[in-house]
Number of protein chains: 2
Amino acid sequence: MQNYCIIMAGGIGSRFWPLSKNDYPKQFIDIFGTGKSFIRATFERFLPVVPAENFIVVTNAAYKSLVLEHIPELKPDQVLCEPMRRNTAPCLAYANYHIQSILPKGEEANIVVSPADHLVTNEGEFQRIITMGFDFVSQQEHQDALLTIGINPSRPETGYGYIEVPQEIIAQGKTSRVVNVANFKEKPNLEKAKEFLAAGNFFWNSGIFIWSLKGIQQAFCNFLPDMVALFDQGRDKFGTEEEQQFINDHFAQCENISIDYGVMERSQSRYTIPADFGWSDIGTWGSFYTHAEHDANGNALLGKIVVNECQNSVVNIEEGTDCIVQGMDHCLVAYRNRSLLVCKLDDEQRIKEWVEELGKK
Amino acid sequence: MQNYCIIMAGGIGSRFWPLSKNDYPKQFIDIFGTGKSFIRATFERFLPVVPAENFIVVTNAAYKSLVLEHIPELKPDQVLCEPMRRNTAPCLAYANYHIQSILPKGEEANIVVSPADHLVTNEGEFQRIITMGFDFVSQQEHQDALLTIGINPSRPETGYGYIEVPQEIIAQGKTSRVVNVANFKEKPNLEKAKEFLAAGNFFWNSGIFIWSLKGIQQAFCNFLPDMVALFDQGRDKFGTEEEQQFINDHFAQCENISIDYGVMERSQSRYTIPADFGWSDIGTWGSFYTHAEHDANGNALLGKIVVNECQNSVVNIEEGTDCIVQGMDHCLVAYRNRSLLVCKLDDEQRIKEWVEELGKK
C-alpha cells in the first residue's frame, strides 16, 4: 500500500494583496514570517506520513517553477499543470489518472488531498489524524470510503462549510475517531453558525480528504461519468510525454465543479474524523490577525516597524523596508513588492474590489 | 553692478521622512510632484533676475553632487561645501568671501540670499519684489541696507518668525515698497500670533535677504569681528584651489550663529519689503497639505493611489508603487525608497522622534 499526497495549489488569492498577487499567490507567501511559505509548510506537514516521491502538486502552469522553487525535493513530473482553473473535481480527476498511471502494477494507493495554503499549529496531532485516516481507508471493508477531516469548531465561523454528524455518535465522545457524515452544510449565516456550535455535532470542513485510489475512482464513475469518459480518452497518455498535451487539449471541456458538490454530497460512504490540531484556512487578513502573535496592544507586527499609539492592528512589511505606524486602531498596513495597502481591518473583504479599481488606473 | 544669488542648501530635514532623509534632504525632493525639486524651483525662480553664472549654492560636502545633478547649469566651483553645519552666519561669510574673490576688480555686487526649500506660487510678483530690492540696495545712500523680504501674513502662524514695522508706515499702504524694520520677533505662541495678525504691522520673516556685498561685509565687521578675523586669514586663498582646504581647516572654529541673531538684530539699517507672492517654507507635512491640491474629500494625493472613504489626508507615494488607502481621516501615508510612514497628520511633529527610534532597531 502506497500513501500519496495531492496538494491542490492552483489558487490565485487576491484577498492577501499586496502579499499575494496573480503572479505570486497566497500559497507561496510566508505571511507569519516563519521562514516557510504555506505550500512549503504543507509539504513538510505531510512528509512524515507520505514519502517525498509520492507527492503530487496540481497547480496552474504559470506557477510550476514557483512550486519547484518552494519544494526542491519534488521532481518536475510531480507538478501537474492545469491549463486553466476548473475547480477541485477536475483537478483531482487529473491527479488520480496520473497516480494510476505511475503506480506499479498490482500496487494499491491511499491518497490524502490537501489545499496548499492552510495553517496547522499542532503538526504531531495532525500526522496522527492523517495516519488514522490512511488506516481506515486501507481496510478492505472501507475501500469505498470518502473521508473528510472535520475540525472541532471554536467559534461560530461563517467563513467555513460545516460537516454534520449524527447526534448520537457525538454522545459517545467527540474527537479522534472515524464517524459517519450525516450532511455537508454550506457556509452558514451567523445565526445558523451559532446553532451549529451549540448543537455540538457540527464540524468545520477543512477541505482535507482521505480515500483509496480505487474508492475515489469508483465515486467519479458513479457521480461524474462524463468527466471520467473525458479522461478515459487519454488513459494511455497519462504518465507519458503526451500527458500534458492531452490535458491542454481536453481540460477546458471539464465541468467546473467542486469535489464537494460533484462527489461528496452525492456519496453514501462519507466519513469524517473530528479533529483538533490548530487548523485555519487563513482565508482573510482577519484570520491572519487571529492566529498571529500580538504585542501588548493587540497588534500583529511583522517587519522592521516602529509602532506608536496603535491598537489591534496588522502591520506586515517586506524585509528591507523601514516602517513607522502611529495612531491606527483596527487597521491593516501591508507592503510588498512596490504595493501598499492601508485600510480598516473590518473592510478587508473589499480588497479584491479595490485591487480591480487599481488595475484600471 | 552684478547681481548674485546665494542659495543656502545645507539642511538635512528629517521632518519629511521618508521623502527626505539625511542622504536626500528636503531641498532635493519634489514633494508636489511638479517635476521640480525645491532647489531646482528655487534656481529657476531667481534665474530671470540673476545670471546662471552668478549663483552660489552653499551646501554640505555630502550633497555637492546632488546639487549639480539638480542644477546642471552650475559649474562645480559654484557649489561651496561646508565641512559641517555652523548655521547661516558662517555659511554667508564663506559665500561673501568667495564672491569677493571672484568679482572682477572695480565691480560691485548685489546679493540675494535664499533658502533652497521654499515654495513660491506667484513667480512674476516674486521677481518684481526681488528686482525692487536690488534697485534699493544699489542706491548709493542704501549701500549699508540689510533688506529682508516680509510676507503679508494670512493666518496666525506660530511656525515663523515675524518682522515688525512701524505702525505709521503701514497706515500709508501695506505692501510692495521698502519700509524700515522696527523689530524682529521670534516664533510666537498662538495668542501672540493672533495679536500680530490683528495689529497689521507684522510680517512673516521669509529668510530671503537682499544687500550689497559691501553692506553685508561691513555688517559682519561691525557685529561678528571674530568671524571676519577668521576668514581674513584665508583672504588670498578664496577663489583659488586652496579655498576648500582653508574652509575645511577653519570652518569648525566659526561661531554657530544665525544671520538673524548675529547680524540683523544688531543692525540699524534694517529694511523689509512686505510682499504677497504665495510663499511658504513648507516646513511640515501640514503646510504641504495646505498648499497641495485636494480632491473632493480634501485629500492631497500624489502617486498611483486608489482612495476610499478617506478625508483630509495626505497620501504621497513613490512613482512605480501601487497604493490602496481606505478609511483614513486626517492621516498621512508616505512611501519612498523602502521607507513607509503611516500616522495622524496632527502628530507629524513627532516624526523626528520616531525616525530616531527606528534608527535604534
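Residues numbered from 1 in each chain as written. Chains lettered and ligands numbered in written order. Predicted model: local features only at pLDDT ≥ 70, side-chain atom pairs only at ≥ 80, totals over all residues. Heavy atoms only, no water.

Caption draft 1: The overall build of chain A, seen in detail. On a plain count of helices and strands, chain A comes out with 12 helices and 18 strands. In summary, chain A has a C-alpha radius of gyration of 21 Å against a globular reference of 21 Å for 361 residues, a match within 12%. Considering only C-alpha atoms, chain A reaches an extent of 65 × 50 × 35 Å along its principal axes. A separation of at least 24 residues holds for 68% of the contacts in chain A among residues at least 6 apart in sequence. Approximately 14900 Å² of chain A is accessible, and the part contributed by carbon and sulfur atoms is 46%. Separation of charge centres in chain A, based on 32 positive and 47 negative side chains, amounts to 3 Å. (Helix = DSSP H or I, 4+ residues; strand = E, 2+ residues; numbered from the N terminus. Rg over C-alpha atoms; globule rule 2.2 N^0.38 Å. Contact = heavy atoms within 4.5 Å. Areas by Shrake-Rupley, 256 points an atom, 1.4 Å probe, with all protein chains shown as cover. Lys, Arg positive; Asp, Glu negative; His and termini not counted. Charge placed at Lys NZ, Arg CZ, Asp CG, Glu CD.)

Caption draft 2: A look at the sheet that holds strand E14 (residues 304-308) of chain A. Ordered by their spatial adjacency, 6 strands build an open sheet running E14(A)-E16(A)-E18(B)-E17(B)-E15(B)-E13(B), and the pairing between neighbours is mixed. With partners counted over all chains shown, the strands left at the sheet margins are E14 of chain A together with strand E13 (300-302) of chain B, one partner each. For this sheet, the mean inter-axis angle between neighbouring strands, taken without regard to orientation, is 10 degrees. The pairing of strand E16 (residues 322-326) of chain A with strand E18 (residues 339-344) of chain B spans 4 bridges and is classified as parallel. Bridging across to E18 of chain B, Val325 of chain A finds its partner in Val342 of chain B. (Pairing = 2+ DSSP bridges. Axes fitted to C-alpha atoms, helices over the stretch in contact; angles between N-to-C directions.)

Caption draft 3: Highlighting the relation of the copies chain A and chain B. Rotating chain A by 180 degrees and translating it 0.0 Å along the rotation axis places it on chain B, where the RMSD comes to 0.0 Å. In short, the pair behaves as if placed about a two-fold rotation axis. When you check the interface residues of chain A against chain B, 100% turn up at the interface there too, and the contact is symmetric in its surfaces. (Least-squares fit on C-alpha atoms with pLDDT ≥ 70 in both.)

Caption draft 4: Fine view of the interface of chain A and chain B. Listed as interface residues are 35 residues of chain A and, on the opposing side, 35 residues of chain B. Counting the surface chain A buries against chain B, the share from its top three residues, Ile324, Arg338 and Leu340 of chain A, is 23%. For the pair chain A and chain B, the interface holds 4 salt bridges. Notably, a salt bridge pairs Glu309 of chain B with Arg350 of chain A, separated by 2.9 Å at the nearest N-O pair. Our count for the chain A to chain B interface comes out at 27 residue pairs in polar contact (both at pLDDT 80 or more). Those elements that place two or more of their residues in the side of chain A that touches chain B are E14, E16, strand E17 (331-336), strand E18 (339-344) and helix H12 (351-360) of chain A. (Buried area = accessible area lost by both parts, 1.4 Å probe. Salt bridge = Lys/Arg side-chain N within 4 Å of Asp/Glu carboxyl O. Polar contact = N/O pair within 3.5 Å; in protein donor to acceptor, adjacent residues only side chain to side chain.)

Caption draft 5: Focus on the pattern of salt bridges. Residue and element names in this part refer to chain B. For the coordinates displayed, the defined rule picks out 30 salt bridges over all chains. In this structure, Glu44 engages Arg40 in a salt bridge whose closest nitrogen and oxygen atoms are separated by 2.8 Å. Of this pair, Glu44 and Arg40 both sit in helix H1 (residues 38-46), 4 residues apart, which is roughly one turn of the helix. Judged by relative accessible area, Arg40 falls into the buried class, the value being 15%. (Buried < 20%, exposed > 50% of the residue type's maximum accessible area, 1.4 Å probe, protein only.)

Caption draft 6: Layout of the confidence of the model for chain A. Of all residues in chain A, 98% have pLDDT values of 70 or greater, and the mean over the chain is 94. Confidence metrics for the complex model read pTM 0.83 and ipTM 0.81. (pLDDT = per-residue confidence, 0-100.)

Caption draft 7: Representation of the sheet that holds E18 of chain A within the structure. Across the sheet, 6 strands lie side by side as E13(A)-E15(A)-E17(A)-E18(A)-E16(B)-E14(B); this open sheet has mixed pairing. Of all the strands in the sheet, the pair left with one neighbour each is strand E13 (300-302) of chain A together with strand E14 (304-308) of chain B. Direction aside, neighbouring strands of the sheet carry axes that sit 10 degrees apart on average. Pairing of E13 of chain A with strand E15 (residues 314-317) of chain A, which is carried by 3 bridges, proceeds in the parallel orientation. Bridging across to E15 of chain A, Leu302 of chain A finds its partner in Asn316 of chain A.

Caption draft 8: Structural context of the packing of aromatic side chains. All names here are of chain A. Across all of its chains, the model carries 43 aromatic pairs over all chains by this definition. Directly above the aromatic system of Phe38 lies the positively charged group of Lys26, at a separation of 5.1 Å from the ring centroid. The ring of Phe126 has Arg45 lying over it, and the distance from NZ or CZ to the ring centre is 5.7 Å. (Phe/Tyr/Trp six-rings, centres within 6.5 Å; stacked < 30°, edge-to-face > 60°. Lys NZ or Arg CZ within 6 Å of the ring centre and 35° of its normal.)

Caption draft 9: Representation of the packing of H1 of chain B against helix H4 (residues 123-138) of chain B within the structure. All names here are of chain B. Viewed as axis vectors pointing N to C, H1 and H4 meet at an angle of 60 degrees, and their least axial separation amounts to 9 Å. The angle between H1 and H4 falls in the class oblique. Residues Glu44, Arg45 and Phe46 of H1 lie in contact with H4, whose contacting residues are Glu123, Phe126, Gln127 and Ile130. Each residue belonging to the contact of H1 with H4 can be placed in one class, and the counts come to 3 nonpolar, 1 polar and 3 charged. (Parallel < 35°, antiparallel > 145°, perpendicular 65-115°, else oblique. Nonpolar A, V, L, I, M, F, W, Y, C, P; charged D, E, K, R; others polar.)

Caption draft 10: Layout of unusual backbone geometry. Residues and elements named next belong to chain A. A cis amide bond, omega 5 degrees, links Trp17 with the succeeding residue Pro18. Of note, Pro18 is situated in the loop between strand E1 (2-9) and helix H1 (38-46). Of note in the backbone geometry, Glu309 takes a positive phi value of approximately 50 degrees without being a glycine. When you line up the elements, Glu309 lands in the loop between E14 and E15. A positive phi angle, near 50 degrees, is found at Asn337, a position not held by glycine. In this structure, Asn337 sits in the loop between E17 and E18.

Caption draft 11: Structural context of the side chain of Asn316 of chain A. Residue and element names in this part refer to chain A. With respect to the helices and strands, the residue Asn316 is situated in strand E15. We classify Asn316 as buried; its relative accessible area is 0%. At 3.2 Å, the side chain of Asn316 forms a polar contact with the backbone oxygen of Ile31. Within polar-contact distance, the side chain of Asn316 engages the side chain of Arg336 at 2.9 Å. With residues up to four places along the chain from it excluded, the contact list for Asn316 reads Leu19, Ile31, Trp285, Phe288, Leu302, Val333, Ala334, Tyr335 and Arg336.

Caption draft 12: Spotlight on helix H4 (residues 123-138) of chain A. Spanning 16 residues, H4 of chain A covers 22 Å between terminal C-alpha atoms, matching the ideal 22 Å at 1.5 Å per step. Among the residues making up H4 of chain A, those that are buried are Glu125, Phe126, Gln127, Ile129, Ile130, Met132, Gly133, Phe134, Phe136 and Val137 of chain A. (Expected span 1.5 Å × (residues − 1).)

Caption draft 13: Quick look at the environment of Met328 of chain A. Tracing the backbone shows Met328 of chain A in the loop between E16 and E17. Assessed through its relative accessible area of 2%, Met328 of chain A is described here as buried. Put simply, Met328 of chain A and Asn299 of chain A are 29 residues apart on the chain and 9.9 Å apart in space, counted from C-alpha to C-alpha. In this structure Met328 of chain A touches Glu309, Cys310, Gln311 and Ser313 of chain A together with Met328, Cys331, Val342 and Cys343 of chain B, once residues within four positions along its chain are discounted.

Caption draft 14: Representation of helix H3 (residues 88-102) of chain A in the model. In this model, H3 of chain A (15 residues) spans 21 Å end to end at C-alpha, consistent with the 21 Å of a helix rising 1.5 Å per residue. Listing the buried residues of H3 of chain A in full gives Thr88, Ala89, Pro90, Cys91, Leu92, Ala93, Tyr94, Ala95, Asn96, Tyr97, His98 and Ile99 of chain A.

Caption draft 15: Representation of the environment of Leu224 of chain A in the model. All names here are of chain A. Among the structural elements, Leu224 can be located in the loop between helix H7 (213-223) and helix H8 (225-232). Classification of Leu224 by relative accessible area gives buried; the value is 3%. When the C-alpha atoms of Leu224 and Gln140 are compared, they prove to be 24 Å apart, with 84 residues separating the residues in sequence. Contact partners of Leu224, with chain neighbours within four places excluded, come to Ala89, Ala219, Glu255, Ile257, Gly262, Val263 and Arg266.

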